[in-house]
Amino acid sequence: MNVIECGGLGKRYHRAWALRDCTVAIPGGRVVALVGPNGAGKTTLLHLAVGLLAPTAGRISVLGREQPGSPAALDGIGFVAQDAPLYKNLPVADMLHVTRNLNRRWDQQHAQARLAELGIPLAKKVGKLSGGQQAQLALTVALARHPQLLVLDEPLAMLDPLARHDFMAGVMAAVAEEGITVVLSSHALAELERVADYLIVLARGRVQVAGEVEDLLATHRTFTGPASQALDDSERLRVVHARGGQAQAHLLVRTDRPGQPPPGGWESHPVSLEELVLAYLREPEAAALPGPRPLRDATAMTS
Amino acid sequence: MKIDKEGRSEGAAGPGAGAGRSPIEFRLDPASGVPTYLQLVHQVEHALRLGYLQPGDQLPRIRDAVAGLAINPNTVLKAYRELEHKGLAAGRPGQGTFVEATLDQVALPQLATLRRSLLGWLATAQSAGLDEDGIVALMTSALRDFRERRGSPAAGRGAPSQTGEVA
Amino acid sequence: MTALTAPGRPGTARRRPVPWPRLAWVTWRQHRVALAGVAALLGGLALYLLIMGLKIHSAYLAVASCHPAGSAVCEVTGRPFSSYYHTAQEMTILLHVIPVLIGVFVGAPLLARELETGTFRFAWTQGCGRLRWVVAKLALLAIAVTAAAGAFSLLFSWYYQPFFAERFDGVLAPQLFDMRGVDFAAWALAAFAIGAIAGVLIKRTVPAMAASLAIWTGLDFGTFLFLRKHYQAPLVVKGSPSYNNPPWVTSQWYIGPNGATANQQTIRNVIAHAPATVRNSLNPNAATAYLSAHHYTQWSAYQPEIRFWHFQLIEGGWLLLLSLLLIGAAIWLVRRRA
């Protein structure tokens, strides 16, 4: 089942398009990283998926065939917005009660156990908790609803390194225990490599890269070699991004066959996720998108 | 890991205390360039060699490994599958993954001897004019030849680089 | 604490809507400070009205049972009653702020705070959905606010009753009309509705509060200064209406000898030519009699007391309609906002 499927999705505010021609099919059972610079449209896409925004163009469906904002979609999706909004004047216990009363499905024991494990006192006012604790509380109330899909909008932005680690550890533990799908947006690329198995790169409101991280890393290499040869060889290769000095050049290329040796005179190096994303962000015209295939069947995509 | 009021975590009380029922706990080297799942595989193999793990011991539960390192559970799954493929571990449904076999354990004194002879060789190589990168390149290609001669499949992604033929 | 439903696999929860009592609890829990504030305010003032009302009623009994009325003895007996009346007049002016306070402190922050702090991104992605959420908030608080205001105005009517009995004021008097009957509750509801829609449109708490205050005050002033007197065509009578049941005189004018309305300047000119005895007379009717002798007749337009309930229902009616419209618009905006 595709947790989020969009076709030609677009959102316009007044005259500017925040998101345009977005066509992706995000498969379930993955941890999906949505990356891109500020203003790229990440929050817009996530808000469209959870029903906070309505599309200006195109269509979007979630959890298979549900419309965002429908009762089934609301039940099945747990969302933590940017800055983890919570009712700050309530004590933690009442925050749990409020969430329980706003939902059909709620696991009080799970929520309390998780908070106890994290050392978050139930009587304290939410506003008095630290940033990391508030983020963990927001995550707890989302997870206690036992959603199929967890959507997190820049959850790590306001957190210190320890809080970030603990937050992601909590999310990953939930994935391990319950098999939920996670879609999270972030611009902390280095941390995402450990965590993500599906990547979407958004830039200037358009999807540039979409695919399994394993495939992307297998089909991209950095070739290092003489700058003088770069121009000639780049015609034979699918170069995403080229950089280098006068003598030596680095070409980030896309290959069809993993393990394919580089052309004569070049060294081949594996590419990190961060390198890959940065290269695509620097080349707005480049894209690494899954080829045409029926939108319903995402599993056919994995090679 | 317990987090106190200020959000700081207490250190683990001692070896094995935080890891539940497994004798080992994973760590990650994000700067090594080696894929995460391979790091986990290597750590298990290393623990086997040094005797930290015995056949019958349980490997860290996926949930614990993931909570400790904040990595994707599929990564741990992949590492455990690789270990199963190598015959070193086996999963028991509902219980976890357990060590099945052992690697040739190299006793610590033997390791010390090997280390000393390696340091000697390194000194020789340096005096021959080979710098550090040259040494690494020589070792890598020698390792590759050794592996090929032994006949086990080369793990292509584990190698830091491949040099193409120089025209 | 037990789990409400078993943490089963997705799809096992029935797609029943989240029940209203649960949403009601959320509304109460979120706004209990504001509700407590309103309760405290109304409660405190109610206590005052109760205590003063008892005193006023007993003072009135003393006055009513004093015979003969108008004698020096009875005048002395009536002094406390008169002093209570002066206090009551001031109180009445003060009590007019209650509806607008409700609107500003209960209505405006209701949705504005959620939009301002971003918690709507939490609330609107929960299982109950936006529509139920906003209806629970608005409907429950609207009912609570209207009921409380209604009860309060009943108490006020009882409190002021002796002054009506003694004909110190008419029931249609502008400052009293909207404190009684259904009007007080209707103005409170309107204030709440104006606050709510201002909150949704402006999306910031303090500006929404300010806007609600301004709009409600403008509406209130506009109504009692201009609109209310037109609910029904006033009765016109020569001179002043009889003072049996104090009517509400909406305008007075003079008709000159030529049959046209005489403006103020003309009247002043005529009076200027009157003898000193008339100009300096203490009797208010002296000037009128003089003008009348010179063929300047006074006419009054007024609304008789008997139209009290008719006007109450008209005003209460359009205020209710307006409130329902505004609340409906607020709900529609929340649903639509994307």
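Residues numbered from 1 in each chain as written. Chains lettered and ligands numbered in written order. Predicted model: local features only at pLDDT ≥ 70, side-chain atom pairs only at ≥ 80, totals over all residues. Heavy atoms only, no water.

Chemist: Which residues make up the overall build of chain A, and what values do they have?
Modeler: Within chain A, the secondary structure is distributed over 10 helices and 13 strands. Computed over its C-alpha atoms, the radius of gyration of chain A comes to 21 Å, within 12% of the 19 Å expected for a compact globule of 303 residues. Viewed in the frame of its principal axes, chain A has a C-alpha envelope of about 70 × 40 × 35 Å. Burial statistics for chain A: of 303 residues in total, 59% are counted as buried. Within chain A, counting contacts between residues at least 6 apart in sequence, those at least 24 apart form 70% of the total. If you average the places of the 30 positive and of the 30 negative side-chain charges in chain A, the two averages end up 7 Å apart. (Helix = DSSP H or I, 4+ residues; strand = E, 2+ residues; numbered from the N terminus. Rg over C-alpha atoms; globule rule 2.2 N^0.38 Å. Buried < 20%, exposed > 50% of the residue type's maximum accessible area, 1.4 Å probe, protein only. Contact = heavy atoms within 4.5 Å. Lys, Arg positive; Asp, Glu negative; His and termini not counted. Charge placed at Lys NZ, Arg CZ, Asp CG, Glu CD.)

Chemist: Give me the sheet that holds strand β8 (residues 198–203) of chain A: which residues, what numbers.
Modeler: Residues and elements named next belong to chain A. Spatially, the 6 strands line up as an open sheet ordered β5-β6-β7-β3-β8-β9, and their pairing is mixed. Edge positions in the sheet fall to β5 (77–80) and β9 (206–212), since each has one partner strand and no second. When the angles between neighbouring strand axes are averaged without regard to direction, this sheet yields 15 degrees. With 5 bridges joining them, strand β3 (residues 31–35) and strand β7 (residues 181–186) adopt parallel strand pairing. In the strand pairing of β7, Val35 is matched with Ser186. (Pairing = 2+ DSSP bridges. Axes fitted to C-alpha atoms, helices over the stretch in contact; angles between N-to-C directions.)

Chemist: Would you mind going over a nonpolar patch on the surface in detail, with residue names and values included?
Modeler: Residues and elements named next belong to chain B. A contiguous nonpolar surface patch, about 770 Å² in accessible area, is contributed by Leu118, Leu119, Trp121, Leu122, Leu130, Leu138, Met139, Leu143 and Phe146. Put simply, the parts of the chain that give the nonpolar patch at least two residues each are α4 (108–127) and α5 (132–150). Tracing the sequence through the fold places Leu138 in helix α5. Overall, the relative accessible area of 41% leaves Leu138 in the partly exposed class. (Patch = residues over 30% accessible without salt bridge, like charges linked within 9 Å, V, L, I, M, F, W, Y side chains within 5 Å. Areas by Shrake-Rupley, 256 points an atom, 1.4 Å probe, with all protein chains shown as cover. Salt bridge = Lys/Arg side-chain N within 4 Å of Asp/Glu carboxyl O.)

Chemist: Tell me about the pattern of salt bridges, and name the residues and values.
Modeler: Any two side chains of opposite charge can pair if their charged atoms end up close together. Evaluated as defined, the whole model comprises 16 salt bridges over all chains. When the shortest N-O distance is used, the salt bridge between A:Arg30 and A:Glu212 registers 2.8 Å. Taken as a pair, A:Arg30 in the loop between β2 (16–27) and β3 and A:Glu212 in strand β9 lie far apart in primary sequence, 182 residues in all. In this pair, the class of A:Arg30 matches that of A:Glu212, namely buried. The closest approach of N and O atoms between C:Asp178 and C:Arg228, which form a salt bridge, is 3.9 Å. Here C:Asp178 is found in the loop between α7 (174–177) and α8 (183–202), whereas its partner C:Arg228 is found in the loop between α9 (205–227) and β1 (235–238), with 50 residues between them in sequence. Each member of the pair C:Asp178 and C:Arg228 is classed as buried. Several salt bridges converge on common partners, so that one network encompasses C:Asp178, C:Asp183, C:Arg228 and C:Glu315.

Chemist: An account of the interface of chain A and chain C is needed here, citing residue identities and associated values.
Modeler: On the chain C side, the residues contacting the 40 residues of chain A number 39 residues. Where chain A abuts chain C, roughly 3500 Å² becomes buried across the two surfaces, and 59% of that area is made up of carbon and sulfur atoms. Taken as a group, A:Tyr87, A:Leu102 and A:Arg104 account for 22% of the area that chain A buries against chain C, more than any other trio of residues on that side. In this structure, the connection of chain A to chain C is made through 1 salt bridge. Residue A:Asp94 is joined to C:Arg29 by a salt bridge in which the shortest nitrogen-to-oxygen separation is 2.5 Å. Remark: the boundary between chain A and chain C carries 10 residue pairs in polar contact (both at pLDDT 80 or more). With 7 residues, helix α3 (residues 92–101) of chain A is the single largest residue contributor to the side of chain A that touches chain C. (Buried area = accessible area lost by both parts, 1.4 Å probe. Polar contact = N/O pair within 3.5 Å; in protein donor to acceptor, adjacent residues only side chain to side chain.)

Chemist: With reference to specific residues and values, describe the packing of aromatic side chains.
Modeler: Residue and element names in this part refer to chain C. Counted according to the given criterion, the structure contains 22 aromatic pairs over all chains. Taken together, a centroid distance of 5.8 Å and an interplanar angle of 40 degrees make the contact between Tyr60 and Phe81 tilted. One end of the pair, Tyr60, is in helix α1 (residues 20–64); the other, Phe81, is in helix α3 (residues 79–95), with 21 residues separating them in the sequence. As far as burial versus exposure is concerned, Tyr60 and Phe81 are alike and both buried. An aromatic cluster of three or more residues is present, and its members are Tyr60, Phe81, Tyr85, Phe156, Tyr159, Tyr160, Phe163, Phe164 and Phe168. (Phe/Tyr/Trp six-rings, centres within 6.5 Å; stacked < 30°, edge-to-face > 60°.)

Chemist: So what about the packing of helix α4 (residues 108–118) of chain A against helix α5 (residues 131–143) of chain A? Which residues, and what values?
Modeler: All names here are of chain A. In the contact formed by α4 and α5, the axes pass within 9 Å of each other and the chain directions differ by 155 degrees. Relative to α5, α4 is oriented roughly antiparallel. Both α4 and α5 take part in a crossing whose hand is right-handed. When α4 is examined against α5, the residues His110, Ala111, Arg114, Leu115 and Leu118 are found in contact with a partner set consisting of Gln136, Leu137, Leu139, Thr140 and Leu143. Residues belonging to the contact of α4 with α5 are distributed by class as follows: 6 nonpolar, 3 polar and 1 charged. (Parallel < 35°, antiparallel > 145°, perpendicular 65-115°, else oblique. Left-handed = near helix turned anticlockwise from the far one by under 90°. Nonpolar A, V, L, I, M, F, W, Y, C, P; charged D, E, K, R; others polar.)

Chemist: Requested: an account of the side chain of A:Thr140, with residues and values cited.
Modeler: Residues and elements named next belong to chain A. Mapped onto the elements, Thr140 comes out in helix α5. A relative accessible area of 0% places Thr140 in the buried class. Among the polar contacts listed, one links the side chain of Thr140 to the backbone oxygen of Gln136, at a separation of 2.7 Å. With near-sequence residues (within four places) excluded, Thr140 lies in contact with Ala111, Arg114, Leu115 and Leu118.

Chemist: Give a description of the environment of C:Ala64 that names residues and reports values.
Modeler: All names here are of chain C. Positionally, Ala64 belongs in helix α1. For Ala64, a relative accessible area of 37% translates into the label partly exposed. For the pair Ala64 and Glu166, spaced 102 residues apart in sequence, the C-alpha to C-alpha distance is 8.5 Å.

Chemist: With reference to specific residues and values, describe the pairing of β9(A).
Modeler: Residue and element names in this part refer to chain A. With 6 of its 7 residues buried, β9 lies for the most part within the structure. Note that β8 and β9 share 6 bridges and pair antiparallel. Directly across from Tyr198, in β9, lies its bridge partner Glu212.

Chemist: Break down the state of the cysteines for me, with residues and values.
Modeler: All names here are of chain C. On inspection of all chains with the given rule, the structure shows 1 disulfide over all chains. Paired by a disulfide, Cys66 and Cys74 hold their sulfur atoms 1.8 Å apart. On the S-S bond that ties Cys66 to Cys74, the torsion sits near -95 degrees, and the link is left-handed. Residue classification places Cys74 among the buried residues on the basis of a relative accessible area of 10%. (Disulfide = S-S within 2.5 Å.)

Chemist: Talk me through helix α1 (residues 36–50) of chain B; I want residue IDs and the actual numbers.
Modeler: All names here are of chain B. An ideal rise of 1.5 Å per residue puts 21 Å on 15 residues; α1 measures up with 21 Å between its terminal C-alpha atoms. Buried residues belonging to α1 abut α2 (62–69), α3 (73–85) and β2 (96–99). Residue Gly51 follows α1 closely and has a positive phi angle near 90 degrees. (Expected span 1.5 Å × (residues − 1).)

Chemist: So what about the packing of helix α4 (residues 97–117) of chain C against helix α6 (residues 130–165) of chain C? Which residues, and what values?
Modeler: Working note: a packed helix pair is described by the angle between its axes plus the distance between those axes. All names here are of chain C. Across the interface, α4 lies against α6 with an axial gap of 12 Å and an inter-helix angle of 170 degrees. If you check the angle between α4 and α6, you find them roughly antiparallel. Across from Ile98, Ile102, Val106, Leu110, Leu111 and Glu114 in α4, the residues of α6 making contact are Trp133, Val134, Lys137, Leu138, Leu141, Val145 and Phe152. Along the lines of polarity and charge, the residues of the contact of α4 with α6 split into 11 nonpolar, no polar and 2 charged.

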